[in-house]
Structures are given as C-alpha cells and as structure tokens.
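Reading the structure
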Amino acid sequence: MEVDTGASVSVVPTQMYNEVLSHVQLKKGAAQLPSYSGERLKVKGEAVVPIKYGMQQSMERSIAVDVIDKKMVNVPENFPLLFAEGVGTLQGYQAKTTLSSDAKPRFHRPRLVPYALQQKVEEELNRLQEEGIIRPVENSEWAAPIVIVRKADNSIRICGDYKVTINPYLGMDNYPMPNPQDLFATLAGGRYFTRLDMKQAYQQMKIHVDSQKYLTINTSKGLFVYTRMPFGITTAPAIWERAMDGILRAIAGVTCYLDDILVIVSLEAEHDERLRQVLKRLSEVGVRFKKTRCSPLLSHQEPYPRRNENYAQLEREALALIFGVKQFHKYLVGRSFTLVTDHRPLLKILGPKEGVPSLAAARLQRWALILSAYNYDLEYIPGANNREADMLSRLLVPVDVIDPNEEIYDLDYCEQLPVTAKK
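Only a predicted model underlies this, so the values are computations on that prediction, with no experimental measurement involved.

Here we take up the environment of Pro 168. Tracing the sequence through the fold places Pro 168 in the loop between strand E8 (156–160) and helix H4 (180–187). Residue classification places Pro 168 among the partly exposed positions, given a relative accessible area of 25%. Separated by 65 residues in the primary sequence, Pro 168 and Ile 233 place their C-alpha atoms 9.9 Å from one another. Discounting residues that sit within four places of it in the chain, Pro 168 has contacts with Arg 106, Tyr 162, Lys 163 and Lys 353.

Structure below.
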C-alpha cells in the first residue's frame, strides 16, 4: 500500500473496496481524476472514512475508482534472482570515498545504548554481519558513533553518524542528478508505466576496500566497518545514480531516480518487452527488488497538522526545516543548498557538522539523521532580517481558488525568487 501525502484525495481501487470496504456506502461524486497519460479514471463513488495510522486518526474523503490492474506474468518465475531473499550485490561497481587534502581522522567513542534497546541493537548488528553489510575490526583511526532509529514495526535501524567524521571532508560528487525537466521530458508521450522499487538499494553496492576504513562505526559491541554503501554519506545519491544510469543507458524509455526505476512506453504491446529487457539487464548485474503488490492510496496532509500544535518551540522550528526539505527532496538531493532559520539553537542540533545529539528527543534525532543524507549548510538569520519568510507567513492576501479539476499543460520553475529582502 502506497501513501502520497501530496494528494488531495484518497483513491481506492474498486477491487480493494469490494474486499475490505464494502460495508462503506458510496455516494455519487463529481470528482474528475486524470491519470499520468491524461485519461479520466472511472469514478464509482466516494465516501468520507476514518483513517488511522498508529496514534493518528482523521476523517478523509476517499474515492473508489475502476483501475486496470495489469499484472506482469511470471516475472518472479522468469527472474527468480531479482526477488530472492537477502541483499543483492551489484556487480562491476564499487563505491569509493575521496576526502579533501585537509582531512584528519576523527574517532568518537560509542554512545550509551538504553537498556531497553540493547538486545535489539545486538540482534541488528548480528544481522548486518550475517548479510555481509558490516564486519568487525580491532582498531581504526576513524570511528563514527551510531544512531538508533525506531521503525514503525518496533524494530530498529542502525546508522552511522557520519556528520561528525567524513561528511565535512567529502567533496561534492558532480555527477548530474536528473532535474524536473529531464524527468518530465522522459514521461512525455508515455501511457503505460511500471515502477520498480529496489530492496535496500545503497547497500547493494560494495565499498572499495581502501574506503571501508572511513566508514567505521563505534558500537557497544566494538568497531565495525561497512562493506556496503551505508545511508548517511553525502555522496551516496550521486554514486548510485551514476551506476544505475550506466547499467540502463542503452534501454530507451527508462529513467532512474535514486532507488526507483521507471519504465515508460506509449504502446501497451511494447510494455512487456521493454520491462523484460530492464529486468534481464538488472538480473545480470545482481540487484534485487521488493516482491510486493502496491495499491494506490493517496491521502492529503496539511502543512501543519493539529497533532503538531503540542510541539515545543524548538521542535516547531526544526519541523519547518524538515517539512521544506521533504517537500523539495527530489530537487535538493545530490545538490548543495542552504537552509535558513531564525532560531539559533538549531545550529547546534541540526548543523551539518554537528553530531546527532544523543540526549535530544527521539524526534529531533530522527530529523537530524534525515538531514545527514543531504549536502547542506545551515545559516542563522535574525527574524528581523528574514523578510522573505516573514512576508510569506504573515502577509495574507485574497487568492483565487484553483479548480482542482483543471489540467496543467505547462510547468516551469524559477531559479531565484523574483522578490528579495532588499527589494
């Protein structure tokens, strides 16, 4: 099940409605929902239903639609290695880290692990060793502390806090990441699409033996080095993008962005053959995918939900940065950018060269870890001088409501804001 927090309504296929929501009475609605190819989805009806996730609950407008569910015949059977258990190993590519000339080894002691998480940390370290993602070492000049992230299923993820070790010394990898115009140009003319989601994408690429020492983590169970590319180093997106482009460059109608691969064709008859070419090429290089069936479920999120009203002021200021970065993720990843805040304490908590604070609230730790994957600077500007943000948040003007059914025929963006603080 896939969630898109940028959509204004929830879309449920008729098959799912019949299986799990048939007790909900549908009413006729006037919604018009265009697909990627411009076709109108056949709306069966709509209803307002309660949606609950964890402790969060809200009433959302849901629309049942007829969806053509075209299944790929015998894909797992024809390409069994692509959907095998465990982590894949990308053949012919290895990640290398190049540090600046002024780089000096940084060694950090392990952080204390709460008693309630010690067993889970040990189990996760054992799993990473068994899958060949990390290996123990006796000593190292470099060592990053770990950050423990709780996942929704109550399991944990272990990440190295590389903001305090190698990230400040990693130069920008100038391999071009796809920009919006490139992605839209690839989609143009397409009518049939398949999205492939890789399993632990970055960790399918080995780290060159000469670079492994820089990725050492210091844990309560000793020192370990990553033998696979970990999350949290700033050059990872560009390294992965370069490899995927090289592997699939010869196949038309295929675009890669981070851990997603999109296959696009204009004729249905071409779809299976092109998809087969992609899967054959990927099977040859050793990658693996998640064998899951995704159904469309689109929901809307307000920029500042009510559940966030109880946040402390520090958390609200941090949330503003995280919200902005997430909204523009595909524009920012792989590029240098500057975040501006008028809340000075955030410089110590979310600064690009500051370690993830071990005593901070779990929410702040999680946000700091999210930012560690980007190449950014954090700049403090007093509120009196932060006029652009002040204007946008306080200067309320009447605006025309855009018809939600209106189609967009052209899209562009500005490199710079037309109005600056000086103007």
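We now examine the confidence of the model for the chain. For the chain, per-residue confidence averages 78 on the pLDDT scale, and residues scoring 70 or more make up 76% of the total. Predicted confidence for residues 296–304 stays below pLDDT 50, and this span has 33 contacts to residues more than four positions away or in other chains. Here residues 399–423 is modelled with pLDDT under 50, and outside its nearest four sequence neighbours on either side it reaches 12 contacts, counting other chains as well.

Glancing now at the pairing of strand E14 (residues 260–265). In terms of residue burial, E14 counts as a mostly covered element, since five of its six residues are buried. Strand direction decides the pairing type here: strand E9 (residues 192–197) and E14, joined by six bridges, are antiparallel. The residue bridging Phe 193 from the neighbouring strand is Ile 264, located in E14. Relative to E14, strand E13 (residues 254–257) runs antiparallel, the two being bridged by four bridges. Its bridge partner being in E14, Thr 255 is matched across the sheet by Leu 262.

Between two packed helices, what matters for the description is the angle formed by their axes and the separation of those axes. One can describe the packing of helix H7 (residues 313–327) onto helix H10 (residues 362–371) by two numbers: an axis separation of 11 Å at closest approach and a directional angle of 30 degrees. Here H10 runs roughly parallel to H7, going by the angle between their axes. Handedness of the H7/H10 crossing: left-handed. Each of Leu 314, Glu 315, Ala 318, Leu 319, Ile 322, Val 325 and Lys 326 in H7 lies in contact with H10, whose residues at this interface are Arg 363, Leu 364, Trp 367, Ile 370 and Leu 371.

Within the element layout of this structure, Tyr 214 appears in the loop between strand E10 (206–207) and strand E11 (216–219). A residue is classified by how much of its surface remains accessible, and Tyr 214, at 19% relative accessible area, is buried. Distance from Tyr 214 to Arg 106, taken between C-alpha atoms, is 9.3 Å for residues 108 residues apart in sequence. Apart from the residues within four sequence positions on either side, Tyr 214 is in contact with Thr 97, Leu 99, Trp 142, Tyr 162 and Ile 166.

Taken as a whole, this structure holds six aromatic pairs when the rule is applied. Measuring from centroid to centroid gives 5.6 Å for Trp 142 and Tyr 214, while their planes differ by 85 degrees, and the two rings are edge-to-face. Placement of Trp 142 in the loop between strand E6 (134–137) and strand E7 (144–150) and of Tyr 214 in the loop between E10 and E11 is noted, with a sequence separation of 72 residues between them. Comparing Trp 142 with Tyr 214, the two get one shared label, buried. An aromatic cluster of three or more residues is present, and its members are Trp 142, Tyr 169 and Tyr 214.

The end-to-end C-alpha separation of helix H5 (residues 236–248) is 19 Å, in line with the 18 Å expected for 13 residues at 1.5 Å each. Of all 13 residues making up H5, 11 are buried, and the element is well covered by its neighbours. Among the residues of H5, those classed as buried are Ala 236, Pro 237, Ala 238, Ile 239, Trp 240, Glu 241, Ala 243, Met 244, Asp 245, Ile 247 and Leu 248. Contact partners of the buried residues in H5: strand E5 (94–95), E13, E14 and helix H6 (268–285).

Taken together, the five strands give an open sheet; going across it, the order is E6-E12-E11-E7-E8, and neighbouring strands pair in mixed fashion. For this open sheet the edge positions go to E6 and E8, each flanked by a neighbour on one side alone. Here the strands of the sheet are splayed against their neighbours by 40 degrees on average, with no regard to which way each runs. By the bridge criterion, two bridges tie E7 to E11 in an arrangement that is parallel. Bridge pairing in E11 links Pro 145 to Asn 218. Across the sheet, helix H3 (residues 115–130) is in contact with E6, E7, E8, E11 and strand E12 (222–226); its angle to E8 comes to roughly 70 degrees.

Basis of the calculations
- Residues numbered from 1 in each chain as written.
- Predicted model: local features only at pLDDT ≥ 70, side-chain atom pairs only at ≥ 80, totals over all residues.
- Heavy atoms only, no water.
- Helix = DSSP H or I, 4+ residues; strand = E, 2+ residues; numbered from the N terminus.
- Buried < 20%, exposed > 50% of the residue type's maximum accessible area, 1.4 Å probe, protein only.
- Contact = heavy atoms within 4.5 Å.
- pLDDT = per-residue confidence, 0-100.
- Pairing = 2+ DSSP bridges.
- Axes fitted to C-alpha atoms, helices over the stretch in contact; angles between N-to-C directions.
- Parallel < 35°, antiparallel > 145°, perpendicular 65-115°, else oblique.
- Left-handed = near helix turned anticlockwise from the far one by under 90°.
- Phe/Tyr/Trp six-rings, centres within 6.5 Å; stacked < 30°, edge-to-face > 60°.
- Expected span 1.5 Å × (residues − 1).

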